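Results of the structural survey
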Amino acid sequence: MVSTLNTSVTEDDQTSSETAGERTCLTRARRRRRFYSEGDTKLSFRKSAFLTRSMDAQEQWSSRRTRTMRRKLMWNARQQWKLLGLFEIGKQHEFYDFTCMLKEGLAAAVQNSIDNPPPNELTEADFKMEVNQRHDGFKMRTFAGSVFSHFRQRLGMTEKEYQLSLSSKGLYLQFISNSKSKADFFLTNDKRFFLKTQNKKEVRFLLSNLRVYMEHLEKYPHSLIVKFLGVHRIKIPNQGKKYFIVMQSVFYPDERISERYDIKGCQVSRWTDPAPESSQEIVVLKDLNFEGKYICVDQQRAWLVRQMEIDSQFLQGLNVLDYSLLVAVQPLHVDERMKSQSLASLIIRTKQSVNGSSSLSFSVPGIVEEESAVLVSEMVCGTEQCQVREVHPGRPIPLQTLGAQSSVESKLQAQNRRLLPSFKNPLHVIDGPEARYFVGIVDIFTVYGFRKKLEYLWKCLRYRGQAFSTVSPDVYARRLCHWVESHSV
């Protein structure tokens, strides 16, 4: 019994041992399979991660390459832009999308003025009016739209004409200048209107003084101060807000302009290296570059000096400084010199200008009507000199009898013919004996506040005995008037 029992236990132990061994083998096999399976999974994951990283690296490399190529193209373009000064904003340009939005927004803003003509009499509400328009991807706000529309009409400019220029299919132009201003400058494709970005403070200053500005220009239709034609704000998602103004370009039309100057009537930092000879680079020169030269306008000098005094007094009243007198020179052709010296030719050109206007109640380029003339030039009887006389609207203009000239010739001789009749809506164009001059006062937004007073004190210490731009408004106005008087003949 004992042996049998032992034998049976041994067999059971052997059976259980074999079963355990099989289980161990199966477990090992399963672990092995699991190991290889997990290894394949890990390997597959690693391969996938490697491929993903490779693709990401390739995409990053491709993106960097694209950005590098774009920067290279932009750098090359910028070098060309800096060389030319004025260039078209093509599709590769950083401002292309922005200028397309400007076109669309301005076209809609002017269309709103066309659909809602301004009233004959402006009210305080018109000066405070703000019109918001929503577009795809941006919003446009127009400030005092009816006021500026009314002003454009006073300039003899139709809304359709203005809209066509701002929203034409032609690309906008950007002007790269040597100015320290951080503003962006754009021109319409026909170079007739300037668009300039301004900060909110400057825009608020213009709008708060818009009524007195309009009154000054109505009193003196041929003021040298630049004509502002619109104030807007564009809001683009994730890019914030940008304010900008639309104004007439002082250098229009700019064909054959040989020299451009930005004059402030001082010497500190007022020199610019001229463009190399035979270069197409557009450089705006400064005061020191003008030394030894003169604005030769002959009989128009008296008007120019007097108008500069009137405009500077107005700007002094606004407590502003650091504005500039832009001056451009365009040599006259021989035939143009003959025309400018011919009174008969001048009469024909003036009549053509008047007849081409829709209404004489507006300021017609080339002639100042008796109804609107406040500052007129007239000949001194028996001499070749010209004097300036201010006349109140509605009162007759005293005319000197000039020999055997007809009354029409006498009237045209007495009227100020400083605006060139052969060009449509020029800003300020004065014909001299040898050259044509474009003049205009710009950048009238710098108020003489606390910061400017501190800057004045600092510059007094740094530039002791030298003339710099930051001075009180009365000194600034007086100094710029003196510059015009001493540099014109």
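Details of the structure are given in the entry above.
Below: a short report on this structure. From a predicted model like this one, the values you see are computed outputs, not experimental measurements. (Residues numbered from 1 in each chain as written. Predicted model: local features only at pLDDT ≥ 70, side-chain atom pairs only at ≥ 80, totals over all residues. Heavy atoms only, no water.)

Here the focus is unusual backbone geometry. With an omega dihedral of -10°, the bond running from Tyr252 to Pro253 counts as a cis peptide bond. At Asp298, a residue that is not glycine, the phi angle is positive and equals roughly 60°. Positionally, Asp298 belongs in the loop between β9 (259–263) and α8 (301–317). A positive phi angle, close to 60°, is found at Asp443, a residue other than glycine. One can find Asp443 in the loop between β15 (435–442) and β16 (446–447). (Helix = DSSP H or I, 4+ residues; strand = E, 2+ residues; numbered from the N terminus.)

Before going further, it helps to examine the sheet that holds strand β8 (residues 240–248). If you walk across this open sheet you meet the 8 strands as β1-β4-β5-β6-β8-β7-β3-β2, and the pairing is antiparallel. At either margin of the open sheet sits one strand with a lone partner, and together these are β1 (86–88) and β2 (130–135). Along the sheet, successive strands turn relative to each other by an average axial angle of 25°, direction set aside. Across 3 bridges, β1 lies against strand β4 (residues 173–175) in antiparallel orientation. Across the sheet, residue Leu86 finds its bridge partner in β4, namely Phe175. (Pairing = 2+ DSSP bridges. Axes fitted to C-alpha atoms, helices over the stretch in contact; angles between N-to-C directions.)

A word on empty space enclosed by the protein. Scanning the entire structure with this criterion turns up 5 cavities of 30 Å³ or more. Here the second largest cavity defines a volume of roughly 80 Å³. Around the second largest cavity sit 15 residues that line it, and Ala109, Ser113, Thr142, Arg152 and His232 are the ones nearest its centre. Sorting the residues of the lining of the second largest cavity by element identifies α2 (96–115), β3 (138–143), α4 (145–154), α5 (159–166) and β7 (228–236) as the ones contributing at least two each. Broken down by class, the residue content of the lining of the second largest cavity amounts to 9 nonpolar, 5 polar and 1 charged. (1 Å grid on protein atoms, 1.4 Å probe; cavity = no way out; pocket = protein on both sides within 12 Å on 5 of 7 lines; lining within 4 Å. Points joined across faces, edges and corners; volume = space filled by probe spheres on them. Nonpolar A, V, L, I, M, F, W, Y, C, P; charged D, E, K, R; others polar.)

Quick look at a nonpolar patch on the surface now. On the surface, a nonpolar cluster with roughly 340 Å² of combined accessible area is contributed by Phe450, Leu454 and Leu457. Looking at where Leu457 falls in the secondary structure, it is placed in helix α12 (residues 450–462). (Patch = residues over 30% accessible without salt bridge, like charges linked within 9 Å, V, L, I, M, F, W, Y side chains within 5 Å. Areas by Shrake-Rupley, 256 points an atom, 1.4 Å probe, with all protein chains shown as cover. Salt bridge = Lys/Arg side-chain N within 4 Å of Asp/Glu carboxyl O.)

This part is about the sheet that holds strand β11 (residues 324–331). Taking strand neighbours across the sheet as the criterion, the 4 strands line up as β9-β11-β15-β14 in an open arrangement whose pairing is antiparallel. Edge positions in the open sheet fall to β9 and β14 (429–431), since each of these has one partner strand only. Taking the axes of each pair of neighbouring strands and ignoring which way they run, one obtains an average angle of 20° across the sheet. Across 8 bridges, the pairing between β11 and β15 is antiparallel. Across the sheet, Ser324 pairs through a bridge with Val442, a residue of β15. Running over the sheet, α8 touches β11, β14 and β15 and is turned about 10° from β15. (Contact = heavy atoms within 4.5 Å.)

Packing of α2 against α5 brings their axes to within 9 Å, and their N-to-C directions diverge by 175°. The angle between α2 and α5 falls in the class roughly antiparallel. Counting all contacts with α2, which are made through Lys103, Leu106, Ala107, Val110, Gln111, Ser113 and Ile114, the residues of α5 involved are Glu159, Lys160, Tyr162, Gln163 and Leu166. Split into classes, the residues belonging to the contact of α2 with α5 amount to 6 nonpolar, 3 polar and 3 charged. (Parallel < 35°, antiparallel > 145°, perpendicular 65-115°, else oblique.)

To continue, consider the packing of aromatic side chains. Under the definition given, this model contains 14 aromatic pairs. Their ring planes at 80° and their centres at 5.4 Å tell us that Phe95 and Phe186 sit as a pair that is edge-to-face. Here Phe95, found in the loop between β1 and α2, pairs with Phe186, found in strand β5 (residues 185–187); they are 91 residues apart in sequence, far enough to count as distant. Residue classification places Phe95 among the buried positions, given a relative accessible area of 12%. With a centroid separation of 6.2 Å and 50° between ring planes, the pair formed by Tyr456 and Phe468 is classed as tilted. Of this pair, Tyr456 sits in helix α12 while Phe468 sits in the loop between α12 and α13 (473–486), and the two are 12 residues apart along the sequence. Classification of Tyr456 by relative accessible area gives partly exposed; the value is 29%. The class for Phe468 is buried, based on a relative accessible area of 6%. Between Lys242 and the ring centre of Phe98, over which it is positioned, the NZ or CZ distance is 4.8 Å. (Phe/Tyr/Trp six-rings, centres within 6.5 Å; stacked < 30°, edge-to-face > 60°. Buried < 20%, exposed > 50% of the residue type's maximum accessible area, 1.4 Å probe, protein only. Lys NZ or Arg CZ within 6 Å of the ring centre and 35° of its normal.)

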